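Here are the chains, one letter per residue:
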Amino acid sequence: MHILQIASGDFFSTYGGGQVYVKNIVDELVRQGAVKISILSYTGNADIQKKTYRTCDLYESGELSDEDFAQLLKEIGPDIIHAHSHKPQACSIGKKLHIPVVVTAHHGGIVCPAGALLNSRDDICQTTITHRNCLRCVLRNTRTGLVWYPMMRLLPERVYITLGKILERLPFILFVTPIGRAAIHIQNKHTEWQTIVNNCALMIAPCEAIKEAMVRNGLSEDNTRVVPHGIPLPQQIPPFPSIQNGVRFFYIGRICYAKGIHIMLEAFHKLTSPKAELHLIGESDNKAECRYKKKLQTRFRQDPRIVWHGKTAPETIFTLIKDYHISIAPSVSMEAFGLSIAESLANGKPVVATCNGGAEMQIRNGENGWLIPTNDIDALHTAMQDITEMSDSELFTMSANCHAHPIADHCKRLCSIYVQVAQHVSS
């Protein structure tokens, strides 16, 4: 069986959990040898470049027109497409060419026009995609958008869309163009989602919460499978270090608002223990994220216990965290999986995480970590304070309970799904 894996952007990127996941499953599927793999990677190349990665054909490209995408699929000739990005295009063209498409939902942006299933009150969204429900959240992500919201919400959706189409034909106007196109952005997301719903052969949800969000927005429950991600496990787990010299908390991931870094820093800053430390491993990617990081660094610059490590090569992260104790995953938005949680557990590090979807699939409260409400400084501070008062033996026991789902078992499950989908199509 021949599977085309459509990567989340650049196949070799380590920016987000989705990118890392795709490379992990490709490496493991190649190792198991049960299926043939080809890869489509979106690198921005003007022309399609065919390369080789291990035993796989690797196609690197920029954005493809539907015609070029269909032509490439005919050249590759897969039995099944597994889409991790460009999902609407893969689903629509795949169905036209009678190639079943399996889609993995890596984050809330698959249904959410604002991208994170995080509403304007910083709660995880529990509504459906509509202009009325989504406008405030979309405008919130645009500079000065909330200032305009009281006026823009009075526009009928049809009028707002017409305004956006007019602005699309004009040169870009700072603030005005993105605010004026908000209704079109919501409409486009709804159209993209319906294309996926109507054309995918099967949807894979890494956690129950993202499945519920998709079913709430029209996906058939029978057409969905909850399959938690797996990760490569370390060959050896380092001994859990003593906390006699203070607890070293750490965070791994993007430095952005949706990850709740501000909540974590406020909670940690309130700790009275002078020996406690908080290490942040990761970087911001765009202008908004960089502004957010700079604001936080300025706000907490007087606390020497907070250490910013910046971007760190993946192969050195586990060496870096071996002397740390407790991982913090403070996301305020929905996490479909939580790669940093899995990697921390795999290395014997208990995790304090918000109840954001993926965390509940991995953490057993009080056994291998702690689950707390999202967007709650006091709850996170209390958890951190309690941890600083624990004994070595208590934390050693929790460390021994830390385990992650192995990538080998996960890929065997994927292969089983591929076979089921192929059999369903042929029947």
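Residues numbered from 1 in each chain as written. Predicted model: local features only at pLDDT ≥ 70, side-chain atom pairs only at ≥ 80, totals over all residues. Heavy atoms only, no water.

Trainee: Describe the packing of aromatic side chains, with residues and values.
Mentor: Taken as a whole and judged by the stated rule, the model has seven aromatic pairs. Ring plane angle 85 degrees and centroid distance 5.9 Å describe the contact between F240 and F396, whose orientation is recorded as edge-to-face. Within this pair, whereas F240 is found in the loop between β8 (224–226) and β9 (248–252), its partner F396 is found in helix α15 (residues 392–400), the two being separated by 156 residues in sequence. The class of F240 is buried, set by a relative accessible area of 13%. Measuring from centroid to centroid gives 5.8 Å for Y257 and Y292, while their planes differ by 65 degrees, and the two rings are edge-to-face. A residue pair is termed long-range when its members are at least 10 positions apart, and Y257 in the loop between β9 and α10 (261–269) and Y292 in helix α11 (residues 287–299) qualify at 35 residues. Every member of this aromatic cluster is reached through a ring pair, and the members are F11, F12 and Y53. (Phe/Tyr/Trp six-rings, centres within 6.5 Å; stacked < 30°, edge-to-face > 60°. Helix = DSSP H or I, 4+ residues; strand = E, 2+ residues; numbered from the N terminus. Buried < 20%, exposed > 50% of the residue type's maximum accessible area, 1.4 Å probe, protein only.)

Trainee: An account of the pairing of β9 is requested, with residue identities and associated values reported.
Mentor: Put simply, side chains in a regular strand alternate between the two faces of the sheet. Counting buried positions along β9 gives five out of five residues, so the element sits mostly inside the fold. Both faces of β9 are covered, namely the face carrying R248, F250 and I252 and the face carrying F249 and Y251. The sheet contact formed by β9 and strand β10 (residues 277–281) spans five bridges and is parallel. Of the residues in β10, the one forming a bridge with R248 is E277. Where the polypeptide runs from β9 across α10 and back to β10, its parallel neighbour, the crossover connection is right-handed. (Pairing = 2+ DSSP bridges. Right-handed = clockwise from strand over helix to strand, strands pointing away.)

Trainee: Before we move on, can you summarise unusual backbone geometry with the specific residues and values?
Mentor: Phi at H86 is positive, roughly 50 degrees, even though this residue is not glycine. Following the sequence through the fold, H86 ends up in the loop between β5 (80–83) and α3 (87–96). Judged by its relative accessible area of 24%, H86 is partly exposed. At D122, a position not held by glycine, the phi torsion is positive, near 65 degrees. Overall, D122 belongs to the buried group, its relative accessible area being 8%.

Trainee: Can you tell me about the pairing of strand β13 (residues 351–354), naming the residues and giving the values?
Mentor: Burial of β13 is two-sided: the residues V351 and A353 facing one way and the residues V352 and T354 facing the other way are all buried. Relative to β13, strand β12 (residues 326–329) runs parallel, the two sharing three bridges. Looking at the pairing, S327 lines up with V351 of β13. With four bridges connecting them, β13 and strand β14 (residues 369–372) associate as parallel partners. Within β14, the position partnered with A353 by the bridge is L371.

Trainee: Would you mind going over the state of the cysteines in detail, with residue names and values included?
Mentor: Under the counting rule described, the total for this entry stands at zero disulfides. Considering cysteine sulfurs only, C355 is the nearest to C402, which forms no disulfide, with 17 Å between them. Its sulfur unpaired, C415 is 6.8 Å from the next cysteine sulfur, which belongs to C411. (Disulfide = S-S within 2.5 Å.)

Trainee: Please provide a residue-by-residue account of the sheet that holds strand β1 (residues 2–6), values included.
Mentor: Pairing in this open sheet of eight strands is mixed, and the strands run β3-β4-β2-β1-β5-β6-β7-β8 from one edge to the other. Lying at the two open borders of the sheet, with one neighbouring strand each, are β3 (49–53) and β8. Averaged over all neighbouring strand pairs, the angle between strand axes comes to 20 degrees, with direction disregarded. When strand β2 (residues 36–42) meets strand β4 (residues 56–61), the two strands line up parallel, connected through five bridges. When the bridges of β4 are listed, I39 appears paired with L58. Each of β1, β2, β5 and β6 (101–104) touches α3; the most contacted strand, β6, lies at about 165 degrees to it. (Axes fitted to C-alpha atoms, helices over the stretch in contact; angles between N-to-C directions. Contact = heavy atoms within 4.5 Å.)

Trainee: Which residues make up the packing of α3 against helix α8 (residues 182–199), and what values go with them?
Mentor: The N-to-C vectors of α3 and α8 enclose an angle of 40 degrees; their axes lie 8 Å apart at closest approach. With respect to α8, the element α3 is oriented oblique. Classified by chirality, the crossing of α8 by α3 is left-handed. Facing K87, P88, C91, S92 and K95 of α3, the residues of α8 in contact are E192, T195, I196, N198 and N199. (Parallel < 35°, antiparallel > 145°, perpendicular 65-115°, else oblique. Left-handed = near helix turned anticlockwise from the far one by under 90°.)

Trainee: Tell me about the pattern of salt bridges, residues and numbers included.
Mentor: Under the criterion given, the structure shown has 18 salt bridges. Between E266 and R299 there is a salt bridge whose closest N-O contact spans 3.1 Å. With E266 in helix α10 and R299 in helix α11, this residue pair connects regions lying 33 residues apart in the sequence. Exposure remark for E266: the relative accessible area of 24% places this residue in the partly exposed category. The class of R299 is partly exposed, set by a relative accessible area of 43%. Measuring nitrogen to oxygen at the nearest pair gives 3.3 Å for the salt bridge that ties K322 to D323. Of the residues examined, K322 reaches a relative accessible area of 34% and is grouped as partly exposed. (Salt bridge = Lys/Arg side-chain N within 4 Å of Asp/Glu carboxyl O.)

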